[in-house]
Amino acid sequence: MQRRHVLRTGAAATAATALSLGTPFPAASATAPSAGPKRGRTRELRVHTVLFDDVEEQDFAGPIEVLGILANAGNRRIKQSFVTAEGPRTVRTSSGMHIDVRDPWAPEDADVLLVPGGGYGKGSGVDDEIKRGVLPRALARAERPGLIMGGVCTGVMVLSAAKITRGRPCTTHFAAREDLAEQGGKLTYGRVVDDGDLITCGGVTSGLDLALWLAERLYGPETALRAEMVLEYERRGTVWRADG
């Protein structure tokens, strides 16, 4: 089944039917940000997903699927790329799969830089990356105005190692929350925490919620709801936003 095609044809019709039956979409004022013009975004959205050895598949697969649905269903210009701090190479995931990363490390060309997790504790992918220091240093250098950095699950701890979360509202997987706070993050209990150019979320499946929130923030609540319909997934928890 081509889920993106379903959204383009069936889900949009379903949504229209729901409206005709008097079942409204969620009110924009309930969750949508105050920056209204963003919903009319027309220029290409460039999303770079950072991979590393022993990265957790679900952490990056969920957001990629959500953004792929948005691109294909609404003819939105969204370009997704896998990157590593070392440049093109083959990455081994936590389940032993191999992914050929072909795009260069070029955060200056990204609008969103997404860092998934990879376990936590001694011997985990995240622990290895933090100890090596290559990725944290690359992320610290990448920080600039206009770039949204996103952390999924323990990927937030890699951002923490880069000192990007210090003094800022953020969250991560429950197993790493105390460490995040000890390292200077302003621990905030939302499933997704949006501090403007830094968006973080809790464990594993919350990557779906982060991506759906990003869809709502950039393209509006109806767009995010229709993506939920295709995924047959309902967002969980709350989105904490710096703008209230």
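Here, the structure is the one placed above.
No experiment lies behind these values; they were computed from the predicted model shown.

Enquirer: Explanation requested: the overall build of the chain in the structure shown.
Expert: Of the regular secondary structure elements, the chain holds nine helices and 11 strands. Of all 244 residues assigned to the chain, the portion counted as buried reaches 50%. A fraction of 65% describes how many contacts in the chain between residues 6 or more apart in sequence connect residues 24 or more apart. Summed over all atoms, the accessible surface of the chain reaches about 11200 Å², with 51% contributed by carbon and sulfur.

Enquirer: Teacher, can you tell me more about empty space enclosed by the protein here?
Expert: Any empty space left between the atoms is revealed when a probe the size of a water molecule rolls over them. Under the counting rule described, the total for this entry stands at two cavities of 30 Å³ or more. There is about 40 Å³ of room inside the largest cavity. Lining the largest cavity are Glu 143, Arg 144, Leu 147, Met 149, Ile 164, Arg 168, Asp 197 and Leu 198. By residue class, the composition of the lining of the largest cavity is four nonpolar, no polar and four charged. There is about 30 Å³ of room inside the second largest cavity.

Enquirer: Sorry if this is basic, but what is going on with the pairing of strand E10 (residues 198–201) here?
Expert: Burial along E10 is two-sided: Leu 198 and Thr 200 and Ile 199 and Cys 201, pointing in opposite directions, are all buried. Note that strand E6 (residues 148–152) and E10 share four bridges and pair parallel. What sits directly across from Gly 151, in E10, is Thr 200. Connecting strand E9 (residues 192–194) to the antiparallel partner E10 that follows it, the hairpin turn spans three residues, and Gly 196 within it adopts a positive phi of roughly 80°.

Enquirer: It is not clear to me how helix H5 (residues 134–142) should be interpreted in this structure. Could you clarify?
Expert: Residues lying three or four places apart along an α-helix face the same way, a consequence of the helix completing one turn every 3.6 residues. If you check which residues of H5 are buried, you get Leu 135, Pro 136, Ala 138, Leu 139 and Ala 142. Within H5, the buried residues cover an arc of 165° as seen down the axis, which keeps them to one side. On the buried face of H5, the contacting elements are strand E1 (45–50), strand E5 (112–115), helix H4 (125–132), E6 and helix H6 (155–161).

Enquirer: Any chance you could explain the side chain of Ser 81 here in plain terms?
Expert: Mapping Ser 81 onto the fold places it in strand E2 (residues 78–83). At 3.5 Å, the side chain of Ser 81 and the side chain of Asp 103 are in polar contact. The contacts of Ser 81, once residues within four sequence positions are left out, are Val 47, His 48, Thr 49 and Asp 103.

Enquirer: Looking at this model, I keep getting lost on the sheet that holds E5. Mind explaining?
Expert: Two strands in a sheet stick together by hydrogen bonds in their backbones, pointing the same way (parallel) or opposite ways (antiparallel). Strand order in this open sheet of seven strands is E2-E1-E5-E6-E10-E9-E11, and the pairing throughout is mixed. Edge positions in the sheet fall to E2 and strand E11 (239–241), since each has one partner strand and no second. Adjacent strand axes in the sheet meet at a mean angle of 15° when their direction is disregarded. Sheet strands touched by helix H3 (residues 57–74): E1, E2, E5 and E6. Its angle to E2, the strand with the most contacts, is close to 155°. On the sheet, H5 packs against E1, E5 and E6 and is oriented at approximately 160° with respect to E5.

Enquirer: Any chance you could explain unusual backbone geometry here in plain terms?
Expert: Peptide bonds are trans in most cases, and residues, glycine excluded, mostly fall at negative phi. For Asp 54, which is not glycine, the phi torsion reads 70° and is therefore positive. In this fold, Asp 54 is placed in the loop between E1 and H3. Taking the relative accessible area as the measure of exposure, Asp 54 reaches 22% and is therefore partly exposed. Unlike most non-glycine residues, Lys 163 shows phi in positive territory, near 70°. Structurally, the position occupied by Lys 163 is in the loop between H6 and strand E7 (169–170). Lys 163 gets classed as exposed once you look at its relative accessible area, which sits at 51%.

Definitions and cut-offs
- Residues numbered from 1 in each chain as written.
- Predicted model: local features only at pLDDT ≥ 70, side-chain atom pairs only at ≥ 80, totals over all residues.
- Heavy atoms only, no water.
- Helix = DSSP H or I, 4+ residues; strand = E, 2+ residues; numbered from the N terminus.
- Buried < 20%, exposed > 50% of the residue type's maximum accessible area, 1.4 Å probe, protein only.
- Contact = heavy atoms within 4.5 Å.
- Areas by Shrake-Rupley, 256 points an atom, 1.4 Å probe, with all protein chains shown as cover.
- 1 Å grid on protein atoms, 1.4 Å probe; cavity = no way out; pocket = protein on both sides within 12 Å on 5 of 7 lines; lining within 4 Å.
- Points joined across faces, edges and corners; volume = space filled by probe spheres on them.
- Nonpolar A, V, L, I, M, F, W, Y, C, P; charged D, E, K, R; others polar.
- Pairing = 2+ DSSP bridges.
- Arc of directions from axis to C-beta.
- Polar contact = N/O pair within 3.5 Å; in protein donor to acceptor, adjacent residues only side chain to side chain.
- Axes fitted to C-alpha atoms, helices over the stretch in contact; angles between N-to-C directions.

By themselves, these are just geometric observations and shouldn't be taken as functional.
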